[in-house]
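Chain by chain, the residues run as shown.
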Amino acid sequence: MSRVIATIILSWVAFAQNAPDPELERAAKSPYDLARYIDSHTGFDWEPLWKSLGVADASLLPCERSGDCSTELITVLEPRQTILVIDTPWNTEVYIRYLGNESGGWRRAGAYEALIKNYPRRHEMTHLGGKPFLRVASQGVSGSDVSSEEEVWIDLTQPDLQPVFAFSPQGHQSRLGFGISRTIHASASPRVIGQVETIDVYLEVRYSGFDVDLGLGEYSAAYERRPQQKDFTLRDVKSGLVRSSTIPNKEFEDLIDLDQGPTNEQLLVYALPGLKEVASGKNADAKESLGFMLSKCKDTPEKRALLELLAKP
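Residues numbered from 1 in each chain as written. Predicted model: local features only at pLDDT ≥ 70, side-chain atom pairs only at ≥ 80, totals over all residues. Heavy atoms only, no water.

Student: Just to check I follow, could you spell out the sheet that holds strand S6 (residues 131-143) for this structure?
Tutor: Strand-to-strand pairing in sheets goes through backbone hydrogen bonds, with the strands running parallel or antiparallel. Taken in spatial order, the 9 strands make up an open sheet running S5-S6-S7-S8-S9-S10-S11-S12-S13, and their pairing is antiparallel. The strands lining the two open edges of the sheet, one partner per strand, are strand S5 (122-128) and strand S13 (245-246). Across 6 bridges, the pairing between strand S11 (residues 212-225) and strand S12 (residues 233-239) is antiparallel. Across the sheet, residue Ala-221 finds its bridge partner in S12, namely Val-237. (Pairing = 2+ DSSP bridges. Helix = DSSP H or I, 4+ residues; strand = E, 2+ residues; numbered from the N terminus.)

Student: I tried to follow helix H8 (residues 284-295) on my own but got confused; where do I start?
Tutor: It helps to recall that an α-helix has 3.6 residues per turn; residues three or four apart then point in one direction. Its 12 residues place the ends of H8 17 Å apart at the C-alpha level, agreeing with the 16 Å of an ideal helix rising 1.5 Å per residue. Of the positions making up H8, those classed as buried are Ala-286, Leu-290, Met-293 and Leu-294. Buried residues in H8, looked at end-on, bunch into an arc of 95°, giving them a common side. The exposed residues of H8 that point more than 90 degrees off its buried face are Ala-284, Asp-285 and Glu-288. As for H8, its buried residues are in contact with S11, helix H6 (264-270), helix H7 (272-280) and helix H9 (301-311). (Expected span 1.5 Å × (residues − 1). Buried < 20%, exposed > 50% of the residue type's maximum accessible area, 1.4 Å probe, protein only. Arc of directions from axis to C-beta. Contact = heavy atoms within 4.5 Å.)

Student: Looking at this model, I keep getting lost on the packing of H8 against H9. Mind explaining?
Tutor: The axes of two packed helices give the description: the angle between them and the distance between them. Packing of H8 against H9 leaves a shortest axis separation of 11 Å and a crossing angle of 145°. Our pair here, H8 against H9, has a crossing hand that is left-handed. Facing H8, whose interface residues are Lys-287, Leu-290, Gly-291 and Leu-294, H9 presents Lys-303, Leu-306, Leu-307 and Leu-310. Residue composition of the contact of H8 with H9, by class: 5 nonpolar, 1 polar and 2 charged. (Axes fitted to C-alpha atoms, helices over the stretch in contact; angles between N-to-C directions. Left-handed = near helix turned anticlockwise from the far one by under 90°. Nonpolar A, V, L, I, M, F, W, Y, C, P; charged D, E, K, R; others polar.)

Student: Is there a simple way to think about the nonpolar core in this case?
Tutor: Nonpolar side chains in soluble globular proteins generally cluster together in the buried interior. Within the largest apolar cluster, 44 residues are counted, with the highest numbers of intra-cluster contacts made by Ile-180, Tyr-207, Tyr-219, Phe-252, Leu-275 and Leu-290. Ranked by residue count, the leading element in this core is strand S10 (residues 196-209), at 5 residues. Other than its neighbours up to four places away in sequence, Phe-252 contacts Leu-203, Tyr-219, Ala-221, Tyr-223, Leu-234, Val-237 and Ile-247. If you look at the next biggest cluster of nonpolar residues, it comprises 19 residues, including Leu-24, Leu-53, Cys-69 and Leu-84. (Core = buried A, V, L, I, M, F, W, Y, C linked by side-chain atoms within 4.5 Å.)

Student: Whenever I open this one, the sheet that holds strand S1 (residues 70-76) confuses me. Can you help?
Tutor: Pairing is antiparallel across the open sheet formed by 4 strands, whose spatial order is S1-S2-S3-S4. The two strands at the open ends of the sheet, each matched to only one other strand, are S1 and strand S4 (106-115). Strand-to-strand twist across the sheet, computed as the mean angle between neighbouring axes with direction ignored, equals 20°. Pairing of strand S2 (residues 81-87) with strand S3 (residues 92-100) involves 7 bridges; the strand directions are antiparallel. Note that in S3 the partner of Val-85 across the bridge is Tyr-95. Where helix H3 (residues 31-40) meets the sheet, it contacts S1, S2, S3 and S4, and its direction lies at approximately 165° from that of S1.

Student: I keep staring at the side chain of Glu-151 and nothing clicks. Help me out?
Tutor: Mapped onto the fold, Glu-151 is located in strand S7 (residues 146-155). Note on Glu-151: relative accessible area 3%, which makes it buried. Here the side chain of Glu-151 touches Arg-135 through a polar contact of 2.7 Å, side chain to side chain. Of note is the side chain of Glu-151, whose polar atom sits 2.8 Å from the side chain of Trp-153. Setting aside anything within four residues of it in sequence, one finds Glu-151 in contact with Arg-122, Arg-135, Val-136, Ala-137, Phe-165, Ala-166, Phe-167 and Pro-169. (Polar contact = N/O pair within 3.5 Å; in protein donor to acceptor, adjacent residues only side chain to side chain.)

Student: What am I meant to see in H7 here?
Tutor: Taken together, the buried positions of H7 are Leu-272, Gly-274, Leu-275, Val-278 and Ala-279. Here the buried residues of H7 occupy an arc of 160° about the axis, which is enough to place them on one side. The outward face of H7, more than 90 degrees from its buried face, is lined by the exposed residues Pro-273, Glu-277 and Ser-280. Next to the buried residues of H7 lie S11, H6, H8 and H9.

Student: Would you take a moment to explain a nonpolar patch on the surface for this structure?
Tutor: Judged by side-chain polarity, Leu-176, Phe-178 and Phe-292 come together as a nonpolar surface patch covering roughly 340 Å² of accessible area. Within the secondary structure, Leu-176 sits in the loop between strand S8 (163-173) and strand S9 (181-193). Assessed through its relative accessible area of 55%, Leu-176 is described here as exposed. (Patch = residues over 30% accessible without salt bridge, like charges linked within 9 Å, V, L, I, M, F, W, Y side chains within 5 Å. Areas by Shrake-Rupley, 256 points an atom, 1.4 Å probe, with all protein chains shown as cover. Salt bridge = Lys/Arg side-chain N within 4 Å of Asp/Glu carboxyl O.)

Student: Looking at this structure, how should I read the pairing of S8?
Tutor: Within a regular strand, the side chains alternate between the two sheet faces. The pairing of S7 with S8 spans 8 bridges and is antiparallel. Following the sheet pairing, Glu-149 is matched in S8 by Gln-170.

Student: For this particular structure, what's the right way to read the pattern of salt bridges?
Tutor: Charged atoms that come close allow side chains of opposite charge to pair. In this structure the tally under the stated criterion is 17 salt bridges. In this structure, the salt-bridge partner of Glu-151 is Arg-135, at a minimum N-O distance of 2.7 Å. Note that Glu-151 is positioned in strand S7 and Arg-135 in strand S6, a separation of 16 residues in sequence. One salt bridge connects Asp-200 with Arg-191, and the closest N-O pair in it is separated by 2.4 Å. Overall, the relative accessible area of 29% leaves Arg-191 in the partly exposed class. Three or more residues joined by partner-sharing salt bridges are found here, namely Arg-122, Glu-124, Arg-135, Glu-149 and Glu-151.

Here it is as structure tokens:
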């Protein structure tokens with residue numbers, strides 16, 4: 001009997017600790033009331049709020065002091081909605097969307113969580129063909145030799161608050177002397193042709209290795225979405241300043257994948273002009289490092305050309 005009573009007591013305590021604050025529960029029905037509550041309270045438990053909002057796995061820690069947490073309200077007129085942005089000193093930003101209803105009230109319609117680490121918090125609004133898009137920056141891949149910023153585009157005419165397009169505005173991957181490293185910078189701009197929505201991405205890739213700059217590659221990619229599609233897909237990729245040549249979509253996707261990326265054999269193709277300067281130059285340390293890297297590469301025309309230059313006195 002005592003065990004049953006103990007179980008009941010422990011269950012009641014756990015419920016009491018996780019029960020929503022009635023004031024917070026009422027405030028969560030409106031983006032404006034919730035913003036006022038967060039801006040004026042500290043020490044409250046987030047978990048019951050996430051449950052009441054239907055937000056899964058949000059990881060905000062308590063706001064211990066006044067000013068720890070802050071909010072911002074993004075208003076969209078068509079379709080009528082307000083997005084509440086919650087910031088804390090921790091590495092997370094949460095976006096909660098409220099749709100306006102005919103009675104003047106609000107209906108919660110999705111949430112999105114952004115990880116903040118090596119890059120600043122950033123969001124902005126963009127319109128594409130009259131449709132509002134929320135652009136949110138967050139941390140992409142992260143490690144001792146790699147980091148990237150990810151920007152997602154969320155179509156605010158969709159029923160959920162999930163990305164329909166994503167790209168990396170900046171990032172780097174270092175191969176630590178065992179391959180060709182690269183740093184990327186990219187920008188995206190929208191346009192509409194007929195019924196086809198397009199996002200153009202201009203990408204610059206700076207190749208490097210052996211403490212030497214190996215040159216710059218420039219690429220223009222077009223992502224498109226046709227009627228009845230939700231997500232944007234890569235259509236084609238042009239390379240070079242005049243954009244006269246096309247590279248396969250898979251090669252481009254490998255190039256912007258800073259977690260894995262192209263093989264060293266493929267990177268030899270992209271960085272060949274700079275590698276030839278190293279192989280025929282006077283930097284003995286760089287030439288030695290290049291020779292070591294080539295010894296680990298498969299046999300390709302680029303490898304043979306570089307080995308031939310290295311062999312010259």
